[in-house]
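Given next are the chains, with one letter for each unit.
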Amino acid sequence: MKGTLVIITAVIALVVSFFLFTDIAFFSRGYARTKLFASDMVGPTLKVISSPVHLIGDLFDGYVNLVGVKKRNADLQRRLDALTAENQKIPELEKENNRLKGLLNLRDQKEHQMVAARVVGEDVANWFKCVIIDKGRVNGIRERMPVVTASGVVGQAVEVSKWHAKVMILNDANSAIDVYVVGKHSRGIIEGNGRNTVKMKYVLKTDDVETGDRLITSGKDSIYPKGLAVGIVINVNKNMPGLFADIDVMPFNNYKKLDEVMVVTQ
Amino acid sequence: MIKRLFCLALGLFLIAFESAFFSFLPIDFAKPDVAVPFIVYAVFFLGPVEGLIASVLFGFSQELLSAAPAGSMLFTKIAVFLGSSFLRHHLYIESRYTFSLLSTGFVVFESIVFLALGVVAKGELRNIFNVSVYTLPAAIFTGMLSLPIYTLLQHLKIRHLEGT
């Protein structure tokens, strides 16, 4: 009798979770509130657990970085010399840039306000690509805010609790970003597929997109501001039926190596 | 009582630890589903009520630490509970290897349930690539992880928690 009751309860729970999945407002509203409440407690716990893990990681990285540091130092010195020489041209280029901008009547883009955050966790299921950061609602983070690093776009905040937030990486199958090809008038949508590379879709075969082209956000999806680096085209296939080319893109950010990120709050 | 609470607490800790640990490790394939062995253990060795509580609690906890759509993890974990409850009357776990094999099988079962849920509820196959690529490695690693989990829980049951 007890066993039968448990099975009936389980079947009811199964049906309820099915309705939660279908986003029926009656079920999902209460569930979202429960999740938010529980998330507020999970955040600090995750931070405590991740601290020793990160400490070990940092120690390991420190040791690995020491190996071959002399050779790397010499390489960096050479690069520094080359960049110093190149830097001397910058003031002149800046002047020229300002003059041309003035001619085109372009306004300077507003500086973005950002909040730095540390990655404290990752999606427990490998079907989805998300990271958990240690900043949440109290730090001004809200849903749909873009998350970036110095290299480029990471993704967007999808669920924000008081102390932490979940960031959907651009590699996730549910992610899409409107992008431009730098220097060309081609536009497309970057869609994740769960792999390390992502697909650029809806680019006509007649468009001049080549391997090595760099992609930036177009700003037209009303999530990502214009001009953030996204990735580089690594393969273009036009030998297939249909209007559009099959384009593979390597994102600039490797989400498995993210330690710190910036959330664009304004 | 202590045995049941310990089992739940250990499972929850491992889920949180997995989330923190894998953000540091640059590997994706070897990510086991920690919840499955605990649900199977609870159903087979602790009882149906404990199994149901474990499946709801672990499903919910995994959703908190994942970008999974609302209800999806809960659905798959309850499906694992129902599957284990059915097998409980047809299968006898005599060693950790049988337990490991069963956990492996339930990870595959869970993936199929997840895909079916997506198709039936939303008519989408967007996640089919992820699920098909990661299912087998996840199942194998879950099976491997379930060996020490089973040994630990059985050891504690015999040595320290028997009769509690």
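Asks: Before we go on, may I ask you to explain the pattern of salt bridges in this structure?
Replies: Across all of its chains, the model carries 16 salt bridges over all chains by this definition. One salt-bridge network, in which partners are shared between bridges, spans A:Lys35, A:Glu159, A:Lys166 and B:Glu63.

Asks: Help me understand the domain arrangement of chain A in this model?
Replies: You'll often see interface size given as the accessible area lost when the parts meet. All names here are of chain A. Per the domain assignment, the segments making up chain A are domain 1 (1-108) and domain 2 (116-266). The centre of domain 1, based on its C-alpha atoms, is set 11 Å off from the matching centre of domain 2. Facing the twelve residues of domain 1 at the interface are 14 residues of domain 2. At the boundary of domain 1 with domain 2, total buried surface from both sides reaches about 980 Å², with 55% on carbon and sulfur atoms. On the domain 1 side of the contact with domain 2, Asp40, Leu46 and His54 bury the most area, a combined 42% of that side's loss. At the surface where domain 1 touches domain 2, the tally comes to one salt bridge. Of the charged contacts, one joins Lys35 and Glu159 as a salt bridge, the two residues approaching to 3.5 Å between their closest N and O atoms. Partitioned by chemical class, the residues of the side of domain 1 that touches domain 2 number four nonpolar, four polar and four charged.

Asks: Which parts of the structure should I look at to understand unusual backbone geometry?
Replies: The phi torsion of most residues other than glycine is negative, and most of the peptide bonds are trans. Residues and elements named next belong to chain A. Its identity is not glycine, yet Asp23 carries a phi of approximately 65°, on the positive side. Examined against the element boundaries, Asp23 turns out to sit in the loop between α1 (2-21) and α2 (25-66). Phi is positive for Ser222, which is not a glycine, with a value near 55°. As for its position among the elements, Ser222 is in the loop between β9 (214-217) and β10 (229-237). By relative accessible area, Ser222 is classed as exposed at 63%.

Asks: For this particular structure, what's the right way to read the packing of aromatic side chains?
Replies: Aromatic ring pairs: the centre-centre distance and the angle between the two ring planes describe each pair. Residue and element names in this part refer to chain A. Considering all chains together, one arrives at 15 aromatic pairs over all chains under this definition. Here Phe18 and Phe19 contribute two aromatic rings whose centre-to-centre distance is 5.9 Å and whose plane-to-plane angle is 75°, an arrangement assigned as edge-to-face. According to the relative accessible area criterion, Phe18 is partly exposed, its value standing at 23%. For Phe19, a relative accessible area of 29% puts it in the partly exposed group.

Asks: How should I be thinking about the interface of chain B and chain A in this particular structure?
Replies: Taken together, the contacts link 56 residues of chain B with 48 residues of chain A. Buried surface at the junction of chain B and chain A, summed over both partners, amounts to about 4800 Å²; 70% is from carbon and sulfur atoms. Three residues, B:Ser23, B:Phe24 and B:Leu64, lead the burial of chain B against chain A; their summed loss comes to 13% of the area buried on that side. Joining chain B to chain A, the criterion identifies two salt bridges. For A:Lys35, the salt bridge is made with B:Glu63, and the minimal N-O distance between the two is 3.9 Å. Within the residue set of the side of chain B that touches chain A, elements represented by two or more residues are α1 (2-22), α3 (48-64), α4 (72-88), α5 (96-122) and α6 (128-161) of chain B. The residue inventory of the side of chain B that touches chain A, partitioned by class, reads 38 nonpolar, eleven polar and seven charged.

About the thresholds
- The numbering scheme is per chain: residues are counted from 1 as the chain's sequence reads.
- Starting at A for chains and at 1 for ligands, labels are handed out in the order in which the entities are written.
- Local features in this predicted model are restricted to residues whose pLDDT is 70 or higher, and side-chain atom pairs enter the listing and the counts only when it is 80 or higher, whereas totals over whole chains, interfaces and linings include all residues.
- Water and hydrogen atoms were dropped before computing side-chain values, which therefore reflect all heavy atoms in the structure.
- By definition here, a salt bridge exists when the distance from a side-chain nitrogen of Lys or Arg to a carboxyl oxygen of Asp or Glu is within 4 Å.
- These domain boundaries are the output of an automatic or database domain assignment.
- A contact between two residues is defined here by any heavy atoms of the two lying within 4.5 Å.
- Buried surface area refers to the total accessible area, computed with a probe of radius 1.4 Å, that the two partners give up upon joining, counted for both partners together.
- Each residue gets one of three labels, nonpolar for Ala, Val, Leu, Ile, Met, Phe, Trp, Tyr, Cys and Pro, charged for Asp, Glu, Lys and Arg, and polar for the others, Gly among them.
- In DSSP terms, a helix is any run of H or I states spanning at least four residues, a strand is any run of E spanning at least two, and both are numbered starting from the N terminus.
- The rule is simple: take the accessible area with a 1.4 Å probe, protein chains only, and divide by the maximum for that residue type; under 20% is buried, over 50% is exposed, in between is partly exposed.
- Side-chain rings of Phe, Tyr and Trp, where Trp is taken by its six-membered ring, are said to pair if the distance between their centres is within 6.5 Å; with planes under 30 degrees apart they count as stacked, over 60 as edge-to-face, and otherwise as tilted.

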